[in-house]
Amino acid sequence: VSLFQQYRPLRDTYDELFTGEARPRPEFEHTVEVLGASTSAECAFNQGLAEKALFNQGVTFSVYSDNRGSEKIFPYCVLPRVISAKDWDHLDRGLHQRVRALGMFLDDIYGDQRILKEKRIPADLVLGAKNYLPLLNGVKPPGGVRIHVAGIDLIRDPQGTFRVLEDNLRTPSGVSYVLENRLITKRVLPRVLDRARVQPIDHYPTRLAEALASVSPADPASSSVVVLTPGSYNSAYFEHSYLARQMGIELVEAPDLFVDGDEVFVRTTRGPRRVHVIYRRTDETFLDPEVFRPDSLLGVRGIMKSYAAGKVALCNAPGNGVADDKAIYPFVPEMIRFYLSSEPILEQVETFLCMRDDHRRYVLEHLGDLVVKAVDEAGGYGMLMGPQSTAAERDDFKKKILAEPRRYIAQGRVELSTTPTWIGDKEVVEPRRIDLRPYIVTSRQGSWVMPGGLTRVALVEGSYVVNSSQGGGSKDTWVQKARS
Amino acid sequence: MISRVADYCFWFGRYLERAESTARVLTVTRALALDGNLTPEQCWLPVLITSGNEPVYLEKYGKEAVEDERVQEFSTWEETNLSSIRRSIAGARENARSIRELISLEVWVNINELHNWMRHSGARTEYNHHRYDFYRRVRESIQLILGLLRGTMLHDTPLDFIWFGLLLERSNQTARILDVQHHMTNMLVSTHQVLDTSLWLSLLRACSGFEPFMKRSRGRVSGDAVAAFLILEPHFPRSVTYCVHSALDSLSKIRPPAAHELPGGRALERLHVLDSWLKAQTPQGLAAPGAVHEVLTHVVDETQQICGDVAQELFGYS
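Here's what I pulled together on the structure shown here.

What counts, and where the lines are drawn
- Residues numbered from 1 in each chain as written.
- Chains lettered and ligands numbered in written order.
- Predicted model: local features only at pLDDT ≥ 70, side-chain atom pairs only at ≥ 80, totals over all residues.
- Heavy atoms only, no water.
- Helix = DSSP H or I, 4+ residues; strand = E, 2+ residues; numbered from the N terminus.
- Buried < 20%, exposed > 50% of the residue type's maximum accessible area, 1.4 Å probe, protein only.
- Areas by Shrake-Rupley, 256 points an atom, 1.4 Å probe, with all protein chains shown as cover.
- Lys, Arg positive; Asp, Glu negative; His and termini not counted.
- Charge placed at Lys NZ, Arg CZ, Asp CG, Glu CD.
- 1 Å grid on protein atoms, 1.4 Å probe; cavity = no way out; pocket = protein on both sides within 12 Å on 5 of 7 lines; lining within 4 Å.
- Points joined across faces, edges and corners; volume = space filled by probe spheres on them.
- Nonpolar A, V, L, I, M, F, W, Y, C, P; charged D, E, K, R; others polar.
- Salt bridge = Lys/Arg side-chain N within 4 Å of Asp/Glu carboxyl O.
- Pairing = 2+ DSSP bridges.
- Axes fitted to C-alpha atoms, helices over the stretch in contact; angles between N-to-C directions.
- Contact = heavy atoms within 4.5 Å.
- Core = buried A, V, L, I, M, F, W, Y, C linked by side-chain atoms within 4.5 Å.

Observations regarding the overall build of chain A
- Each helix and strand counted, chain A has 13 helices and 23 strands in total.
- C-alpha extents for chain A along the principal axes are approximately 70 × 60 × 50 Å.
- The 484 residues of chain A split such that 58% are buried.
- When the accessible surface of chain A is summed, it comes to about 20,200 Å², and 49% of that surface belongs to carbon and sulfur atoms.
- Put simply, chain A has 62 plus and 63 minus side-chain charges, and the middle of one group is 1 Å from the middle of the other.

What follows is the structure in structure tokens.
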């Protein structure tokens, strides 16, 4: 009896593995067969095994709402999300193209601003973005790379088309869970993984380390690269220490660093040592109190001067926030046409800008059907889910939009695709909604897309919210190997 | 190595050793109490004095309350007792989390498991029903971690700092346990109570030194012989001399004596002097009245100074 015998996809939703008639999609017949060969009891056992391993290994994130900085494991579902070789090929090409155009956009905005002069994107929109940093105009990053690591969030609509939902070009997180999830899968489903012909991902840290060294202002072979973390109470601390460990480089906090004569040094037990590349996982407004927040005790005084002098590479580059602003997002296809003279490979989601009169009128009339987002918030905060909202909430958002139209955008609610998910308390497999965040690493030599990425799943029945802070979990993401 | 990280390594080692030592002292004192002939206070007050908690405890519970269950509860679980087993393990784990990228996965998983076990009902149940097994599990979990540190980590500066912290803590623990017990035992002798060799044996057991001592002394147990063994024996891994000498080895790897341009010279010099001073001590000298207490006090004071020097010179404290 197959684990999936009782499985029924939701109506009007794309299911990753099954057709509307509950038959396996042709490209996944083999995968469904090997995955479905275990019993419910075995699946429950494997799920328990995985959770215990994650807990004991301290694969946790900190919860901000709890001021003691307590840790929780990121819920994990033992049933993987699978992507076919053909779909992946399409995504891989589309992501290369998108990240390349976004990088060229940033070079342009902090350079000649050609795209604004030619009026392909409204100048006031770009120059008025909260995360646009005019002080970086004319500053060229060491190695010429700005988006060393990108995380592009994608969803899949009811027709099965992948659509970009948002770009994360500042400090995208989550890759440690991707790598840990794969390790857990190898432990609990070794035979299944082997038979499903899945592309490996464990070279991500090596690729990242190479990319970081490649942008060093000094000889990459003798450069000192560090990971900068806000500290062990940060929600993503596990990931910071994980990546440092996997790359074999040091994890530092801001007080460990200081600037002397435009060069950055780290305090060691053998005295100061020069630092050439900083993979910074701190928010850029906390990078340098001299520049951003004079009141802040965090940060490294003078580090931006050192960066501007080309003496240290900051990864990702400061100032990237202007490109992943949610109000700039509708113009990414235009960037692709402008810089690359080609049509966008990836679709996106129709978006209304509340700063435009015609859009705002439409949004205010259709609040109950739309999803409204603040352009500078993340993690599922600052959002209105129209279809599930109350009249009071809609009223509240109406006031907010009218007060600060530049700050809000709206999108039609997209049916996220579903995939079979193990529901522990019922001991059954049911469809749950998912998204996908692939990671793109860019070195001086070019970009590389890790095959797969973070699949987040809304574990609560009927929910669309996949954020870990709000009842989301994750799955291992399997990209099938191409048939040779 | 980054100064802040070296500091975490140092304290990771110290907390591990402190938790293990406390578990050992409690196990042994329980066994001693069963042998009878001693009042609860005579048995358990030394435990509090050794950990430096006597004033806090007496203020909280009063002198009448120095009895086995309450002292064990206080030394094992008390949140406000900074050297309780629970706090020491939590401290070790917190430091380990901050140097997660340095220690091996095996070390991390084991300290994490021990910490999780202490926080959940499993440890409490074990403590309530199988006290001996509870303390044994604490000791053995930590010994496993110490073995994993040596067996799975690069033998370079981070491990040197962990070991340096652990050895200073261990020399301090041995010195304090011996000082307190030596004092109590002499008091009992002077009040003409029958002194059982079991007191000396329990002291040896508290330092895991019973069998090694017997191999050296061939069965002759005396207060002087035990004190000389725990202070001077160069081959016993918990003797004061051994710990100080090994700590000097670790620090010399971290900061080579010839590397005058590097920070850490003051701590190294002081530790070097202490090591030489200990080597000059003899069993005959220790047998003089008050000599054991004097030597141990000097060791505890000097290690305190060395920790201060290391914090300033290597960890960047101001």
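Let's talk about empty space enclosed by the protein
Residues and elements named next belong to chain B.
- Under the criterion given, the structure shown has five cavities of 30 Å³ or more.
- Of the pockets and cavities examined, the largest cavity occupies roughly 120 Å³.
- As for the largest cavity, its lining consists of 13 residues, of which Val-25, Thr-29, Ile-177, Gln-181 and Ala-206 are closest to the centre.
- Where the lining of the largest cavity is concerned, the elements lending two or more residues are α1 (3-34), α2 (40-50), α9 (157-190) and α10 (198-206).
- Classifying every residue of the lining of the largest cavity by side-chain character gives nine nonpolar, four polar and no charged.

What about the pattern of salt bridges?
- Applying the stated criterion across every chain, the model contains 54 salt bridges over all chains.
- Close ionic contact of Glu-16 of chain A with Arg-156 of chain A constitutes a salt bridge, the shortest N to O distance being 2.6 Å. Of the two residues, Glu-16 of chain A sits in the segment before α1 (29-36) while Arg-156 of chain A sits in strand β4 (residues 149-156), which places them 140 residues apart along the sequence.
- A salt bridge links Glu-430 of chain A to Arg-432 of chain A; its shortest N-O distance comes to 3.0 Å.
- The class of Glu-430 of chain A is buried, set by a relative accessible area of 16%.
- Through salt bridges with shared partners, a single network forms among Glu-17, Glu-20, Arg-24, Arg-170 and Arg-238 of chain B.

A closer look at the sheet that holds strand β16 (residues 383-385) of chain A
Residues and elements named next belong to chain A.
- If you walk across this open sheet you meet the four strands as β14-β17-β15-β16, and the pairing is antiparallel. Among the strands making up the open sheet, the edge pair consists of β14 (351-353) and β16. Across the sheet, the mean angle from the axis of one strand to that of its neighbour is 20°, orientation sign disregarded.
- Examined bridge by bridge, strand β15 (residues 370-374) and β16 share three bridges and lie antiparallel to one another. Residue pairing across strands places Val-372 opposite Leu-384, the latter belonging to β16.
- Packed on one face of the sheet, helix α12 (residues 357-365) meets β14, β15 and β17 (408-412) and runs near 115° to β14.
- Its contacts with the sheet put helix α13 (residues 391-403) on β15, β16 and β17, and the angle it makes with β16 is roughly 140°.

Comments concerning the pairing of strand β3 (residues 76-83) of chain A
Residue and element names in this part refer to chain A.
- The element β3 is extensively covered by neighbouring structure, given that eight of its eight residues are classed as buried.
- Bridge count for β3 against strand β23 (residues 472-479) is five bridges, and the pairing is parallel. Its bridge partner being in β23, Arg-81 is matched across the sheet by Thr-477.

Structural notes on the nonpolar core
- In this structure, Phe-105, Ile-278 and Met-335 of chain A together with Phe-12, Leu-149 and Phe-164 of chain B are the most contacted members of the largest nonpolar core, which totals 174 residues.
- Core analysis: the next-biggest nonpolar cluster, separate from the first, contains 61 residues, Val-178, Ala-244, Leu-251 and Val-429 of chain A among them.

Looking at unusual backbone geometry
All names here are of chain A.
- Of note, the bond from Cys-315 into Asn-316 is cis; its omega dihedral lies within 30 degrees of zero at -5°.
- Of note, Lys-119 is a non-glycine position whose phi angle comes to about 55°, a positive value.
- Given the relative accessible area of 71%, Lys-119 is considered exposed.
- In this model, Glu-427 sits at a positive phi of 55°, which is unusual for a non-glycine residue.
- Structurally, Glu-427 can be placed in the loop between β18 (418-423) and β19 (428-433).
- Under the relative-accessibility criterion, Glu-427 is labelled partly exposed at 43%.

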